[in-house]
Amino acid sequence: MDRDVASLTLYRDGTDSGLLLWATDDAHFPPAVRTPFMRGRWQSNIPVFVPNTERRMAREPVSGWYLDAARAASALAPLSLNAVDRLPPSIAVWALASKWVVEAIAREQVVPSLTATPDADVWVARWRAAPVRPEDRARLAGLADAMPGVARAWPAEGADRVMTADAALLEFIDAATDGLLRAATPETAPHPGPGPNWAMRVGRALSGPQDRFQVQGLSDRHVPDALSRWIAPATAVGGARPLVGFRLEEPGGRDSTWRITYHLLDAGGQTRVSVADLRDGRPKAVEAASRMSNPADTLLDALGRCARVFPAIERSLQQELPAVVHVDAAEAWLFLTKSAVSLQRAGYWVDVPAALSRVGRRRLRARMRIGTEGPSEGGTSNGGGLLGGLVDFRWEASLGDDALTPSEFKRLTEAKSALVLHRGQWVAVDPEEVERLKHLMDAGGGQLPAAEALRLALASEVAVPGAGETLADVVCDGAVARALEILSSGVEGRLSEIGTPDGLHGDLRPYQKRGLDWMLGVTNIGFGACLADDMGLGKTVELLALFQSLCESRRGNTFLVVCPTSVLGNWRREVQRFVPGIATLVHHGAGRAGDVRALRSQMRTRMAGADGMIVITSYALARRDVEMFSEIEFDALALDEAQNIKNPEAAQSRAVRQLVAKRRLALTGTPVENRLTELWSIMDFLNPGLLGTRTGFKKTFAVPVERYGDSDAAEKLRRVTAPFILRRLKTDPAIAPDLPDKVETVRFCPLTREQAALYQAALDDAMSEIAGLSPGMERRGRILAMLTALKQICNHPAHYLRDEDPTPRRSGKLTRFLELLDEVVEAGGHPLVFTQYREMGEILERVLSRRLGTRIPFYHGGLPRVARDRIVASFQDPHGPPVLIVSLKAGGTGLNLTRANHVFHYDRWWNPAVEDQATDRAFRIGQTRDVTVHRLVSQGTLEEQIHQILEDKRSLADRVVGAGETWLSELDDATLHDLVSLGQDAVAEEDP
């Protein structure tokens, strides 16, 4: 081993076990490990054994950062396996141990322990990890074998030796488990339920920060020893002690008995010995058992304990070496449903027939069969179709995938045993399920709204009435089945192709043709459709192709398009470019119609001789003139940038729901920006009632997915919404060949000393104010104000101080940005520069105009629409300005800026969806060059800390089809301070 050592070592600071990160010289630590440990406690002159020049271990004092086991596990467990592979062994072994601890806690593989102090009047309550599965023990044994001595180099209590690998590993995982399961304060700790006083004290000692308590009034002082003996099989790591196992075996015929046979397994679970074979002297069994430590004593000791869990075992203890116990059906059912689970959790191996296991068991379940007599008369505002009617349903019983005949179900209800021979196989039937289904079968069926029926059919499951969270399968007949077939054909791309409309000026790419076919297929049967392609893939031309196709099927169609005000002109130009045979009417400005009569007159005048009519208006006017628009039934209603109705309670969201159309469509590149309720709002516009009420949607989908990362709920939501949302990404194999490449980079920038001083002062002042505030609006407001101030300081001192000195050398970020910009401009590139602050945009405007010797425009919401259009046209001109500065809020959507081939995000919006939309102003159809995205991040500040969080927030949209900084206002003071504090590498060595 080399003289230079960089290591994590198990270390006990007082009574707390944890890890010490230290180095003997200038060995470098990976940032992912160094950063969290640098927030720990600095420890000096710690004696450890390190390799000396003769490659022998010598005791030396070292210094380093210490984290207790819980915080160390929290820091190491998130490291990817690829990152762990690149770590030194002494760090990697603790990272892998941390991952196991987190997984064990998630699987609830933990047990409580009690230890009495020497005077026996104080007990210590701790949580311990329970590696109960053979694969857990094998995994931990492998970690112990791979642990280098330097990972446990601290000589406990001044001894001249260190702990064994098994002991060190066990001490760490137990300490980490205990720390991770405890609340930080007594107020946040869960309260134990009612019980004896000593038991409640144990519960408090296990849940809160104080792990010891005074024993009072307890006559039985042997509880700690008894508990230690009970948890011993579940907590031991390493050694040659065998595991004890149980196997349930089916009867040979209807009148035979069930058997539970006993087995011995080696510590890794790789070798299994039947006790019957061992008792009979079979050579292989005898040879395998000889490698185990005290197999007979271990078996008898285990059977004695296990008889308290499964009393039938007691009958076999009369034998000298018990090998089997015969049980009746009722006892076998008890073993299957309760005892086997308890034994597994206690560390015993259990094997049951696959068809009777919890995973393989064919459960008796209710099944809802849905059919329909067709929609109610009158249809709906969504163009009629299935969603307007009532649907018949009935309940039936199934065993696994097999539907039961009435006579088979009757036999099950009359059976006196939970284990029944059915169609030649033993099946496990829960008597409670039989009774519950009997009542359900007697109830028959009924009717439900068709929107609810379709949602259940798409989810493929329904809650069983009166059965808590029990779910039943859903099968479909009639019109519902036909609608599902059409919708699934659209999801799988099997819809018939209609071809490009003759009147469309331009060619559709293959994926755009599929989008056209899909929108027609979905809306033809009365459902609304959301085209959610990435920005720049041509959603507008796909919608216009749909309008043209409808007009070629029947002349005189009228369509209403609602879009942001900033893209009204763009829509009018796109209609004239792609479908010139369809007339347009822009309902905006002083000349717009004041009532429905005038609107109808304008439409008739414009449509004379045309194939159809497209009325284009803004969200603001759709809200203001909703009564006028709702008096006209349009053939199709389309919302562009449909995320504008993401707030279902907003006035414009309520207004567009009142509009009447035979078909409803939505275009958006971000169906989910911050919350899943935004998706509900869009879907409720397209298909009212499909996702139920907003309250029910939050309970069923939004809270489980967003708060708890529930993948099952996310998958169910995807199944329900997938037929109505078509989302294609630029990275999709069928689309990528039509687009140039996009390269994304993160540019880390140091602070100047002035910035660092301002940052620290602003942080100290703000935190001193925040520390005294109770949770509420005032505290949240102070936190958000602090975050804004810190972000402005990272941008430039002049941005924060509002002074008139935008000198680049005052800001490390501006200095780095100008260096990059010079390279781009000199190479002939044309960058877009996005900022969320108008003040920063004005600073950049002055600095860049002076630096480049020409006026650099700044596109922001304070400019008139004519001026903004002029800026866009000027930049798109080959001889236009080399750079365009854009306000993220004003220019993040609706613009086509394909002249740009570099995108700079000068400051971060802290919403990935919004940043991606801004990037897509350049990375879109029509772009002929590769696009490079530069995200500027001030290192060692809150910007670097939140950079990883920004990347993680993208997973919400991916799972189903991020808010700004408001979530930060809910953090506690300590966590918030850790997040925004300056890191050691925040400041440059010298001012740039």
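Just so it is clear, the structure is predicted and the values come from calculations on it, not from any experiment. (Residues numbered from 1 in each chain as written. Predicted model: local features only at pLDDT ≥ 70, side-chain atom pairs only at ≥ 80, totals over all residues. Heavy atoms only, no water.)

Visitor: Residue-level account of the overall build of the protein, with values.
Guide: A count of helices and strands for the protein gives 37 helices and 35 strands. Residues classed as buried in the protein amount to 52% of the 992 residues present. Put simply, the protein shows about 44200 Å² of open surface, and 49% of that area lies on carbon and sulfur atoms. (Helix = DSSP H or I, 4+ residues; strand = E, 2+ residues; numbered from the N terminus. Buried < 20%, exposed > 50% of the residue type's maximum accessible area, 1.4 Å probe, protein only. Areas by Shrake-Rupley, 256 points an atom, 1.4 Å probe, with all protein chains shown as cover.)

Visitor: Describe empty space enclosed by the protein, naming the residues involved and giving the relevant values.
Guide: In this model, the largest cavity occupies a volume close to 60 Å³. In this structure, the largest cavity is lined by Arg363, Leu364, Arg365, Ala366, Glu433, Arg436, Leu437, Val464, Thr470 and Leu471. Elements that contribute at least two residues to the lining of the largest cavity include exactly β13 (364-372) and α14 (431-443). Here the residues of the lining of the largest cavity are counted per class, giving 5 nonpolar, 1 polar and 4 charged. (1 Å grid on protein atoms, 1.4 Å probe; cavity = no way out; pocket = protein on both sides within 12 Å on 5 of 7 lines; lining within 4 Å. Points joined across faces, edges and corners; volume = space filled by probe spheres on them. Nonpolar A, V, L, I, M, F, W, Y, C, P; charged D, E, K, R; others polar.)

Visitor: Outline the sheet that holds strand β23 (residues 582-587), supporting the account with residue identities and numerical values.
Guide: The strand order across the open sheet built from 7 strands is β23-β24-β22-β26-β28-β21-β29, with neighbouring strands paired in parallel fashion. Every interior strand has two partners, whereas the edge strands, β23 and β29 (725-726), have only one. Of the strands in this sheet, β22 (557-563), β23 and β24 (612-618) touch helix α20 (residues 596-607), which is tilted by about 150 degrees from β23. (Pairing = 2+ DSSP bridges. Contact = heavy atoms within 4.5 Å. Axes fitted to C-alpha atoms, helices over the stretch in contact; angles between N-to-C directions.)

Visitor: Got a sec to walk through the packing of helix α30 (residues 812-826) against helix α31 (residues 838-852)? Specific residues and values, please.
Guide: The geometry of α30 relative to α31 is characterised by a closest axis approach of 12 Å and an angle of 45 degrees between their N-to-C directions. It follows that α30 is oblique to α31 by the angle criterion. The handedness of the crossing between α30 and α31 is right-handed. From α30, Leu814, Phe817, Leu818, Leu821 and Asp822 reach across to α31, where they touch Leu844, Val847, Leu848 and Arg851. (Parallel < 35°, antiparallel > 145°, perpendicular 65-115°, else oblique. Left-handed = near helix turned anticlockwise from the far one by under 90°.)

Visitor: Explain the pairing of strand β17 (residues 425-428) residue by residue, including any values.
Guide: Relative to β17, strand β16 (residues 419-422) is paired through 4 bridges, and the arrangement is antiparallel. Bridge pairing links leucine 421 to tryptophan 426 in β17. Counted between consecutive antiparallel strands, the loop separating β16 from β17 contains 2 residues, among which arginine 423 sits at a positive phi close to 50 degrees.

Visitor: Outline helix α25 (residues 694-708), listing residues and values.
Guide: For α25, the principal kink sits at alanine 702 and spans about 45 degrees; a proline, proline 704, occurs within the next four residues. Of all the residues in α25, the buried ones are Phe697, Phe701, Ala702, Pro704 and Val705. Just past α25, the residue glycine 709 takes up positive phi, approximately 60 degrees. (Bend = angle between axes of the 7 residues up to and from the residue.)

Visitor: Explain the nonpolar core to me, and be specific about the residues and the numbers.
Guide: Leu364, Ile370, Phe547, Trp571, Ile614, Leu639 and Phe724 are the most contacted members of the largest nonpolar core, which totals 120 residues. Per-element accounting of this core gives the leading share, 8 residues, to helix α18 (residues 539-553). Excluding anything up to four places from it in sequence, isoleucine 370 contacts Val391, Asp392, Phe393, Ala453, Leu456, Val474, Val475, Cys476, Asp477 and Val480. Membership of the second largest hydrophobic core comes to 41 residues, among which are Leu299, Ala332, Val352 and Leu419. (Core = buried A, V, L, I, M, F, W, Y, C linked by side-chain atoms within 4.5 Å.)

Visitor: Give a description of the layout of surface pockets that names residues and reports values.
Guide: In this approach the atoms are scanned with a rolling probe the size of a water molecule, which exposes any empty space left behind. In this structure, the second largest pocket encloses a volume near 1100 Å³. Looking at the lining of the second largest pocket, the elements with two or more residues in it are β2 (16-23), α2 (69-76), β5 (110-116), β6 (122-129), α6 (165-180) and α8 (223-235). When residues in the lining of the second largest pocket are grouped by element, the largest group, 7 residues, is from α6. Here the residues of the lining of the second largest pocket are counted per class, giving 13 nonpolar, 11 polar and 13 charged.

Visitor: Describe the environment of serine 630, and please don't skip the residues or the numbers.
Guide: By secondary structure assignment, the location of serine 630 is in the loop between α22 (626-629) and β25 (633-634). For the pair formed by serine 630 and leucine 659, sequence separation is 29 residues and the distance between their alpha carbons is 4.7 Å. Other than its neighbours up to four places away in sequence, serine 630 contacts Gln658, Leu659 and Val660. In this structure the side chain of serine 630 is engaged in a polar contact, spanning 3.0 Å, whose partner is the backbone oxygen of glutamate 627. (Polar contact = N/O pair within 3.5 Å; in protein donor to acceptor, adjacent residues only side chain to side chain.)

Visitor: Quick one: what's the story with the packing of aromatic side chains, residue by residue and with numbers?
Guide: Scanning all chains against the criterion turns up 15 aromatic pairs. With a centroid separation of 5.3 Å and 75 degrees between ring planes, the pair formed by tryptophan 42 and tryptophan 65 is classed as edge-to-face. Of this pair, tryptophan 42 sits in strand β3 (residues 41-51) while tryptophan 65 sits in strand β4 (residues 57-68), and the two are 23 residues apart along the sequence. Classification of tryptophan 42 by relative accessible area gives partly exposed; the value is 46%. (Phe/Tyr/Trp six-rings, centres within 6.5 Å; stacked < 30°, edge-to-face > 60°.)

Visitor: Could you give me a rundown of the packing of helix α15 (residues 450-459) against helix α26 (residues 711-721), with the residues and numbers involved?
Guide: The contact between α15 and α26 brings their axes to 8 Å, and the two run at 125 degrees. For the element pair α15 / α26, the angle class is oblique. Along this stretch, α15 crosses α26, giving a crossing that reads as right-handed. Touching Arg455, Leu458 and Ala459 of α15 are Lys716, Arg719 and Val720, all from α26. Here the residues of the contact of α15 with α26 are counted per class, giving 3 nonpolar, no polar and 3 charged.

Visitor: Provide a residue-level description of the pattern of salt bridges, including the pertinent values.
Guide: Tallying each qualifying case throughout the model produces 44 salt bridges. The salt bridge partner of glutamate 839 is arginine 802, with a shortest N-O separation of 3.8 Å. Linking glutamate 839 in helix α31 with arginine 802 in the loop between α29 (797-801) and α30, this pair joins segments that are 37 residues apart in sequence. The partly exposed category is assigned to glutamate 839, whose relative accessible area is 33%. In this structure arginine 802 comes out as partly exposed when scored by relative accessible area, which is 46%. A single salt-bridge network, built from bridges that share partners, covers Arg126, Asp178, Arg182, Asp211 and Arg212. (Salt bridge = Lys/Arg side-chain N within 4 Å of Asp/Glu carboxyl O.)

Visitor: Help me get a handle on the sheet that holds strand β7 (residues 212-214), residues and values and all.
Guide: The 3 strands lie next to each other as β5-β6-β7, forming an open sheet whose pairing is antiparallel. With partners counted over all chains shown, the strands left at the sheet margins are β5 and β7, one partner each. Ignoring strand direction, the axes of neighbouring strands in this sheet form an average angle of 25 degrees. In this structure, β5 lies alongside β6, joined through 7 bridges in antiparallel fashion. Residue valine 110 lies in a different strand from β6, and its bridge partner there is alanine 129. Its contacts with the sheet put α8 on β5 and β6, and the angle it makes with β5 is roughly 145 degrees.

Visitor: Help me get a handle on α18, residues and values and all.
Guide: For α18, spanning 15 residues, the distance from its first C-alpha to its last is 21 Å, which sits close to the expected 21 Å at 1.5 Å a residue. α18 sits mainly inside the fold: 13 of its 15 residues count as buried. (Expected span 1.5 Å × (residues − 1).)

Visitor: Which residues make up unusual backbone geometry, and what are the values?
Guide: The phi angle of most residues is negative, glycine excepted, and most peptide bonds adopt the trans form. Positive phi is not limited to glycine here, since glutamate 108 has a value of about 60 degrees. By the secondary structure assignment, glutamate 108 is in the loop between α4 (89-106) and β5. Look at arginine 802: it is not a glycine, yet its phi comes out positive at around 60 degrees.

Visitor: Can you explain the environment of asparagine 687? Please cite residues and give values.
Guide: Structurally, asparagine 687 is set in the loop between α24 (676-686) and α25. Residues asparagine 687 and leucine 665, 22 residues apart in the sequence, show an inter-C-alpha distance of 9.9 Å.

Visitor: I'd like a description of the side chain of arginine 663, backed by residues and values.
Guide: In this fold, arginine 663 is placed in the loop between β27 (660-661) and β28 (664-667). No salt bridge forms around the buried arginine 663; measuring N to O, its nearest opposite-charge neighbour aspartate 635 is 7.0 Å away. Side chain to side chain, arginine 663 and threonine 523 meet in a polar contact 2.6 Å long. Among the polar contacts listed, one links the side chain of arginine 663 to the side chain of asparagine 524, at a separation of 2.9 Å. Beyond its immediate chain neighbours, meaning those up to four positions away, arginine 663 contacts Leu520, Thr523, Asn524, Leu550, Asp635, Ala636 and Leu637. (Lys, Arg positive; Asp, Glu negative; His and termini not counted.)

Visitor: Break down the confidence of the model for the protein for me, with residues and values.
Guide: The predicted model of the protein averages 83 in pLDDT, with 88% of residues at 70 or higher. Taking the mean pLDDT of every element in the protein, the minimum, 55, falls on helix α36 (residues 954-960) and the maximum, 97, on strand β26 (residues 636-639). Throughout residues 372-384 the model reports pLDDT below 50, and contacts reaching past four residues in sequence, or to other chains, amount to 35 contacts. (pLDDT = per-residue confidence, 0-100.)

Visitor: Break down the environment of valine 111 for me, with residues and values.
Guide: Checked against the element boundaries, valine 111 lands in strand β5. Overall, the relative accessible area of 13% leaves valine 111 in the buried class. C-alpha of valine 111 to C-alpha of threonine 177: the two residues are 66 residues apart in sequence and 9.8 Å apart in space. Sequence-distant contacts of valine 111, that is, excluding residues within four places in its chain, are made with Arg126, Trp127, Arg128, Ala130, Ile231 and Thr235.

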